[in-house]
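Commentary on secondary and tertiary structure
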Amino acid sequence: MDKHTMHVLKDVSAHKEAIIQKVRQQVQQEPYPSKQLWSHRSLAVMMTCSVLLFIAWQASKPIDHVTTEILHEEVKQSFTDLFKTEVEGKEMAYSQFFLIADRLVHRENIKFYAPLQGFEAMQAVATTMGNAVHLIDPKNLPFKSNIQEVYAVTSEMQDGSLQKQFQFSYKEKSLTGVDRQYINLTVTNVNHNPLVNYKDADSQDFSGGITNVGLNFMNPLYYRAMTPDKAFAYVYYNYDEADKRIYRMSSRANEFYTYYNGYVYQIGYQLNGDQQEAQEKMVALARDFIPHLNSANAK
C-alpha cells in the first residue's frame, strides 16, 4: 500500500460524514415508508455507519503497525537467499556402492557453497525442500554433537534442470578438527528412481554386504555396515574455513541408502559404543528423516 493510499484512508472522516448525509437525504426524499420498511432502512443506516467507523479505525493505525503485521507472516526463504557464498571445490560426494544406479558421479556445472552453521540454519534449508525431510532434533541423537551444519552443492541434470544436493551434518568434532562421531544425512533430487531395476542391473554391488532393512513394507532401505577390510569407503563433505574450500572426506562408516518421491537419501554415520544398538537407533532416525514414508505408515 503506497503513501497516497494510506493518506486517503486516514482522512476518512470527511468521506464518512458525506456518505451519512447522502443516506439521510435519500431517506428524507422518499415517501414515508411503512413501519416495517422503516425498520429495515434504519438497520441499513446503522450498518453503513458501523462499516465506516471500522474503516476509519483500520485506517487510523500507523503505517509501521500495518508493516509489522505483514512482516510477522512466515516468509519462505529461497536457496539463493540462504546460500550466497560460492567457494572452491572439486570432488563430489555420492554412494560408492550405488554410483552405477544413480549416476551421481557424473554431474556437470558443479557449484559448491560455504556451509551454513547451526540447527536453525538447517531448519531454514529444510523448509525450502517442502516435505522432503524431517530434521532430527540434536537432543534426540545418540551422541552429543557440538557441530550442526548444512552443505549445498548444485549441478545441472541432463534435461538442464537444477540439481541440489544437501548434506545435513551432526558432528562431535575434537579441538584439533577431527570428526570423532558424526551423522551425515545427504539428500539429492534426481529425475529417475535409481532403484527400479537395481537388483538386476547392479547385483554385483551386493557383494559388499548390503542388506535391506526396509523403510516400510513397499520401499527399501539399504544398509551397509562399516567394513574396514573392504575397498569401498564412505565419502562426505567437509569444509576448510581458512582456504574457503569444500573437500571430500573418505572414511570407514555405516551407510543407509534409499530413494523416495524424487530424492535420493544417503545417510552415513560413525558412532562409538555397541554397533548393533547404534544400528537400531539409526534405522529409526533414518525412517523419521523421511516424513512422507514415516507419516504414511507409522500408524
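Shown above is the structure to which this text applies.
Residues numbered from 1 in each chain as written. Predicted model: local features only at pLDDT ≥ 70, side-chain atom pairs only at ≥ 80, totals over all residues. Heavy atoms only, no water.

Within the protein chain, the secondary structure is distributed over 10 helices and 11 strands. Residues counted as buried form 41% of the 299 residues belonging to the protein chain. (Helix = DSSP H or I, 4+ residues; strand = E, 2+ residues; numbered from the N terminus. Buried < 20%, exposed > 50% of the residue type's maximum accessible area, 1.4 Å probe, protein only.)

Moving on, we get to the sheet that holds strand 3 (residues 147-156). The mixed open sheet is built from 11 strands, whose spatial order is 6-7-10-11-5-4-3-2-1-9-8. Both edges of this open sheet fall to strand 6 (210-212) and strand 8 (234-240), since each of them pairs with a single strand only. Across the sheet, the mean angle from the axis of one strand to that of its neighbour is 25°, orientation sign disregarded. As paired strands, strand 10 (residues 254-260) and strand 11 (residues 263-270) are joined by 7 bridges and run antiparallel to one another. Looking across to strand 11, one finds that Y259 is bridged to V264. (Pairing = 2+ DSSP bridges. Axes fitted to C-alpha atoms, helices over the stretch in contact; angles between N-to-C directions.)

Under the defined criterion, the tally for this structure stands at 7 salt bridges. R245 is paired through a salt bridge with D240; the nearest N and O atoms lie 4.0 Å apart. As a salt-bridge pair, K244 and E241 come within 2.5 Å of each other at their nearest N and O atoms. With a relative accessible area of 48%, E241 lands in the partly exposed category. (Salt bridge = Lys/Arg side-chain N within 4 Å of Asp/Glu carboxyl O.)

Looking now at empty space enclosed by the protein. This model, assessed by the stated rule, comprises 1 cavity of 30 Å³ or more. The calculated volume of the largest cavity comes to roughly 30 Å³. Lining of the largest cavity is provided by A93, Y94, S95, D102, L104, Q165, T186, T188, Y257, V264 and Q266. For the lining of the largest cavity, the secondary-structure elements that each account for two or more residues are strand 5 (179-189) and strand 11. Grouping the amino acids of the lining of the largest cavity by side-chain chemistry returns 5 nonpolar, 5 polar and 1 charged. (1 Å grid on protein atoms, 1.4 Å probe; cavity = no way out; pocket = protein on both sides within 12 Å on 5 of 7 lines; lining within 4 Å. Points joined across faces, edges and corners; volume = space filled by probe spheres on them. Nonpolar A, V, L, I, M, F, W, Y, C, P; charged D, E, K, R; others polar.)

What follows covers helix 9 (residues 275-289). Here helix 9 contains 15 residues, and its C-alpha end-to-end distance of 20 Å stays within 8% of the 21 Å for a straight helix at 1.5 Å per residue. Residue D274 occupies the N-cap position of helix 9, its side-chain oxygen lying 3.2 Å from the main-chain nitrogen of Q276. (Expected span 1.5 Å × (residues − 1). Polar contact = N/O pair within 3.5 Å; in protein donor to acceptor, adjacent residues only side chain to side chain.)

One non-glycine residue, N109, adopts positive backbone phi at about 55°. Secondary-structure assignment places N109 in strand 2 (residues 108-117). Looking at N109, the relative accessible area reads 49%, which means it is partly exposed. Even without glycine at this site, N261 takes up a positive phi of about 50°. Summarising the element assignment, N261 is placed in the loop between strand 10 and strand 11.

A few words on the packing of aromatic side chains. Counted by the stated rule, this structure contains 18 aromatic pairs. Plain terms: the ring middles of F112 and Y237 are 6.3 Å apart, the flat faces sit at 80° to each other, and that makes the pair edge-to-face. Taken together, the positions of F112 in strand 2 and Y237 in strand 8 put the pair 125 residues apart, joining distant regions of the chain. Using a relative accessible area of 3% as the deciding quantity, one classes F112 as buried. For Y237, a relative accessible area of 1% translates into the label buried. Site record: aromatic cluster; members linked through ring pairs are F79, F83, Y113, F166, F168, Y263, Y265 and F289. (Phe/Tyr/Trp six-rings, centres within 6.5 Å; stacked < 30°, edge-to-face > 60°.)

Bringing the side chain of Q266 into the picture now. Position of Q266 among the secondary structure elements: in strand 11. Side-chain polar atoms of Q266 contact the side chain of E255, separated by 3.1 Å. The residues touching Q266, leaving out its near neighbours within four places in the chain, are Y94, S95, N184, L185, T186, Y234, E255, F256 and Y257. (Contact = heavy atoms within 4.5 Å.)

Below, the discussion takes up the pairing of strand 4 (residues 162-173). Of all 12 residues making up strand 4, 9 are buried, and the element is well covered by its neighbours. In terms of strand pairing, strand 3 meets strand 4 through 10 bridges, oriented antiparallel. Paired with S155 across the strands is Q163, a residue of strand 4. Bridge count for strand 4 against strand 5 is 9 bridges, and the pairing is antiparallel. Directly across from E172, in strand 5, lies its bridge partner Q181. Connecting strand 4 to the next strand, strand 5, in antiparallel fashion are 5 residues, including G177 with a positive phi near 95°.

To continue, consider the layout of surface pockets. Roughly 310 Å³ of volume is contained in the largest pocket. Lining the largest pocket we find 14 residues, and of these R103, H106, E156, M157 and Q158 sit closest to its centre. Looking at the lining of the largest pocket, its residues break down into 3 nonpolar, 6 polar and 5 charged.

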